[in-house]
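# Architecture at a glance
What follows is each chain in one-letter form.
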Amino acid sequence: MTVHELKTWPEFFEPVARLEKPFEIRVNDRDYQVNDVLYLREFEPDSAKYSGRWVARRVSYLMIGPAFGLKHGWACMGLGHTDWLPGSSINDNSGVPNG
């Protein structure tokens, strides 16, 4: 499991925080894998500062482009629950379901 710290603009952050957006589409420049953790930090592009808000989500599903309209080099990730918290070990098994 790898933890990916990612800047997320408010219009994309808020629906994830409210559990309305159960997916994330990103350039696949980090070799995303199922069970990785996305540490999404709300980033204000106008001020170029973090708001202090964050959410953590486990990659529960992964589709790599090119597939179904997703371009080569992009990833669509399903987002699931994780118990991972900032400051915990990056290589522990927090948030990875048993079984």
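### A few points about the overall build of the chain
Looking only at helices and strands, the chain features one helix and five strands. For the chain, the α and β elements follow one another from N to C terminus as β-α-β-β-β-β. Total accessible area on the chain stands at roughly 6,100 Å², and carbon and sulfur atoms take up 53% of it.

### Side note on the pairing of strand 3 (residues 37-44)
Here is the key point about a regular strand: its side chains alternate between the two faces of the sheet. Of all the eight residues making up strand 3, six are buried; the element is thus mostly covered by neighbouring parts of the structure. Note: strand 1 (residues 3-8) against strand 3, six bridges, orientation parallel. Opposite L6, over in strand 3, you have L40 as the bridge partner. As paired elements, strand 3 and strand 4 (residues 49-64) share seven bridges and run antiparallel to each other.

### Focus on the environment of L38
Structurally, L38 can be placed in strand 3. On the basis of relative accessible area, L38 is assigned to the buried category, the value being 0%. Along the chain, L38 and L6 lie 32 residues apart, while their C-alpha atoms are 7.0 Å from each other. Beyond its immediate stretch of four places on either side in the chain, L38 contacts H4, L6, E24, Y32, V55, A56, R57, V59, M77 and L79.

### Brief notes about the packing of aromatic side chains
Applying the stated rule across the entire model yields three aromatic pairs. Ring centres 5.7 Å apart and planes at 75° place the aromatic pair Y39 and W54 in the edge-to-face group. Placement of Y39 in strand 3 and of W54 in strand 4 is noted, with a sequence separation of 15 residues between them. Judged by relative accessible area, W54 falls into the partly exposed class, the value being 36%. An aromatic cluster is built from Y39, W54 and W84, whose rings are joined through pairwise contacts.

### Quick look at helix 1 (residues 10-17)
Those residues of helix 1 that sit buried are P10, F13, P15 and V16. At its buried positions, helix 1 is contacted by strand 1, strand 2 (23-27), strand 3, strand 4 and strand 5 (74-80). In the stretch just after helix 1, L19 is the one whose phi turns positive, near 65°.

### Topic: the environment of R58
Structurally, R58 is set in strand 4. Residue class for R58 comes out buried when judged on its relative accessible area of 14%. Distance from R58 to N35, taken between C-alpha atoms, is 5.6 Å for residues 23 residues apart in sequence.

### Side note on the nonpolar core
Counting eleven residues, the largest nonpolar core is built from L6, F13, V16, Y32, L38, L40, V55, V59, A75, M77 and L79. Secondary-structure elements contributing two or more residues to this core are helix 1, strand 3, strand 4 and strand 5. Of the residues forming this core, the biggest block, three residues, is contributed by strand 5. In this structure, V37, Y39, A56 and W84 belong to the second largest nonpolar core, which totals five residues.

About the criteria used
- Residues numbered from 1 in each chain as written.
- Predicted model: local features only at pLDDT ≥ 70, side-chain atom pairs only at ≥ 80, totals over all residues.
- Heavy atoms only, no water.
- Helix = DSSP H or I, 4+ residues; strand = E, 2+ residues; numbered from the N terminus.
- Areas by Shrake-Rupley, 256 points an atom, 1.4 Å probe, with all protein chains shown as cover.
- Buried < 20%, exposed > 50% of the residue type's maximum accessible area, 1.4 Å probe, protein only.
- Pairing = 2+ DSSP bridges.
- Contact = heavy atoms within 4.5 Å.
- Phe/Tyr/Trp six-rings, centres within 6.5 Å; stacked < 30°, edge-to-face > 60°.
- Core = buried A, V, L, I, M, F, W, Y, C linked by side-chain atoms within 4.5 Å.

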